[in-house]
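# Summary of the model geometry
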Amino acid sequence: MSELHKFLFDGLPVRGVIVRLTDAWQEILARRASNTTTGAYPPPVAELLGEMTAAATLMQANIKFNGSLILQIFGDGPVKVAVAEAKPDLSLRATAKVIGELPADARLPDMVNENNKGRCAITLDPKDKLPGTTPYQGVVPLFDDEGEKLGKLSDVLQHYMLQSEQLDTTLVLAADDKVAAGLLIQRLPVKGEGNLEGAPGSSGTSGKDHDQANEDQIGRNEDYNRISILASTLTRDELLTLDVETILRRLFWEEKLLRFEPQAGLLGPHFACTCGRDRVAQMIRGLGVEEAEEILAERGDIEVGCDFCGKQYRFDAVDTAQIFRPPGDQVPASPVVQ
């Protein structure tokens, strides 16, 4: 079962989150693999998308925001775009569009940043936004301050956090065909550091002053630097194969951790997509009877695949006729579960 764990380092301005996506990640891959049009993701794309899904989950869990967090990677390689979305209830979905061939050992630059034009975007889309309100979006390139291509998603996101939040962040990400996992370690904002130490609140201090104070602390906090070094020793294999308790004990056995209640099951990370047979039926109804009948005459059925999760929905002539029946003439659904 997929799970997420939050923790603090007692008395230190450092927090952490670790996530292991198992059933949720396997559902994402299974839906794509069952799509007869696209087929399964190539292994390098699946690995990138798994890391993105784990990262989106970590970032969503690390902020207080009532809305969707959408992580996108796009550029000029054979992977046109890759997207992972995490909602406040930790429901997840992810997709990628592949337009070219990929070598089995393709890395991030090979997939989306061949000519250094790739970008990473993080969008915060409020659940109850007012009319005319646009979601917040931050965009960073897939290269560092010297223009060198960044080879890993974790490097891109660490760079993003420094630029957008002025916060030191360490990310370890990994994915295969069974597990997508990630560890996030972050220096708390200066305001949070004061709160953690029991200092008086900083009401009346401007946001600009907070930003400057956070920026002044970049790379200078010895406690964060020590914990970051420990976190960075976590290997890909360890992250994919070890349970959370073993990972935390191996990395931080000398530190005192304050643990929050783990989130799992429906309260933890889980797959969910907004597509569904009823929504597809509404779309077919919107086509009109004539166009629907033309498709049936040509193909024998109407097939619609979800662009996001890849699940396919098929409607034969009987199903389609049912869609266009007047509401009072609808055939009752069978009580037998098919």
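Scroll up to find the structure this text is about.
Residues numbered from 1 in each chain as written. Predicted model: local features only at pLDDT ≥ 70, side-chain atom pairs only at ≥ 80, totals over all residues. Heavy atoms only, no water.

### Focus on helix H7 (residues 222–232)
Buried within H7 we find Tyr224, Ile227, Ser228 and Ala231. Buried positions in H7, seen along its axis, are confined to an arc of 105° and lie on one side of it. Facing away from the buried side of H7 by over 90 degrees, the exposed positions are Glu222 and Ile229. Packing partners of the buried residues in H7 comprise strand E1 (3–9), strand E2 (14–21), strand E8 (169–175), strand E9 (180–187) and helix H9 (244–252). Of the residues that open H7, the one with a side-chain oxygen 3.1 Å from the backbone nitrogen of Asp223 is Asn221. (Buried < 20%, exposed > 50% of the residue type's maximum accessible area, 1.4 Å probe, protein only. Helix = DSSP H or I, 4+ residues; strand = E, 2+ residues; numbered from the N terminus. Arc of directions from axis to C-beta. Contact = heavy atoms within 4.5 Å. Polar contact = N/O pair within 3.5 Å; in protein donor to acceptor, adjacent residues only side chain to side chain.)

### Topic: the side chain of Ser2
Relative to the assigned elements, Ser2 resides in the segment before E1. Judged by its relative accessible area of 0%, Ser2 is buried. One polar contact links the side chain of Ser2 to the main-chain amide nitrogen of Thr22, over a distance of 3.0 Å.

### Things to note about the nonpolar core
Within the largest apolar cluster, 59 residues are counted, with the highest numbers of intra-cluster contacts made by Met52, Leu71 and Leu157. No other element matches helix H2 (residues 43–61), which puts 11 residues into this core. (Core = buried A, V, L, I, M, F, W, Y, C linked by side-chain atoms within 4.5 Å.)

### Examining the pairing of strand E4 (residues 79–86)
Taking burial as the measure, the 8 residues of E4 include 6 buried ones, the bulk of the element. Examined bridge by bridge, strand E3 (residues 67–74) and E4 share 6 bridges and lie antiparallel to one another. Paired with Ile70 across the two strands is Glu85, which belongs to E4. The turn linking E3 back onto E4 is made up of 4 residues. (Pairing = 2+ DSSP bridges.)

### Side note on the packing of helix H1 (residues 23–33) against H2
Close contact between H1 and H2 brings their axes to 11 Å; oriented N to C, the two are set at 140°. By the criterion of interaxial angle, the relationship of H1 to H2 is oblique. Both H1 and H2 take part in a crossing whose hand is right-handed. Residues Trp25, Ile28 and Leu29 of H1 form the contact with H2, whose own contacting residues are Ala46, Leu49, Gly50 and Thr53. Residue composition of the contact of H1 with H2, grouped by class: 5 nonpolar, 2 polar and no charged. (Axes fitted to C-alpha atoms, helices over the stretch in contact; angles between N-to-C directions. Parallel < 35°, antiparallel > 145°, perpendicular 65-115°, else oblique. Left-handed = near helix turned anticlockwise from the far one by under 90°. Nonpolar A, V, L, I, M, F, W, Y, C, P; charged D, E, K, R; others polar.)

### Looking at the sheet that holds strand E5 (residues 91–98)
Taken together, 6 strands build an open sheet; the order of strands is E7-E6-E3-E4-E5-E12 and the sheet is mixed. Strands with a single pairing partner mark the edges of an open sheet, and in this sheet they are strand E7 (136–141) and strand E12 (270–271). Here strand E6 (residues 119–126) pairs with E7 via 6 bridges, running antiparallel. Bridging from a neighbouring strand, Leu124 pairs with Tyr136 of E7.

### A look at the pairing of E8
Burial analysis of E8 places 7 of its 7 residues in the buried class, the great majority of the element. Burial along E8 is two-sided: Thr169, Leu171, Leu173 and Ala175 facing one way and Thr170, Val172 and Ala174 facing the other are all buried. Relative to E9, E8 runs antiparallel, the two being bridged by 7 bridges. What sits directly across from Ala174, in E9, is Ala181. Here E8 hands over to E9 after 4 residues, the two strands then running antiparallel side by side.

### Focus: the pattern of salt bridges
Per the counting criterion, the structure on display carries 12 salt bridges. The salt bridge involving Glu27 is made with Arg31; its shortest N-O contact spans 3.0 Å. In this pair, Glu27 and Arg31 both sit in helix H1, 4 residues apart, roughly one turn of the helix. Overall, Glu27 belongs to the partly exposed group, its relative accessible area being 32%. Taking relative accessible area as the criterion, Arg31 reaches 17% and is therefore assigned buried. Each of the salt bridges in this network shares a partner with another, and the network as a whole consists of Asp223, Arg226 and Glu255. (Salt bridge = Lys/Arg side-chain N within 4 Å of Asp/Glu carboxyl O.)

### Details of the packing of aromatic side chains
One pass over the structure, following the stated rule, counts 3 aromatic pairs. Look at Phe7 and Phe9: their rings are 5.7 Å apart centre to centre, the planes differ by 70°, and that puts the pair in the edge-to-face class. Just as Phe7 is buried, Phe9 falls in that class too. Consider the rings of Phe7 and Phe252, whose centres lie 6.3 Å apart with planes at 45°: the pair is tilted. Residue Phe7 is found in strand E1, and its partner Phe252 is found in helix H9; the two are separated by 245 residues along the sequence. Owing to a relative accessible area of 1%, Phe7 belongs among the buried residues under this scheme. Following the ring pairs from residue to residue traces out a cluster consisting of Phe7, Phe9 and Phe252. Above the face of the Phe308 ring, Arg93 is positioned so that its terminal group lies 3.9 Å from the ring centre. Across from the ring centre of Tyr313, 5.6 Å away, lies the NZ or CZ of Lys311, which sits over that ring. (Phe/Tyr/Trp six-rings, centres within 6.5 Å; stacked < 30°, edge-to-face > 60°. Lys NZ or Arg CZ within 6 Å of the ring centre and 35° of its normal.)

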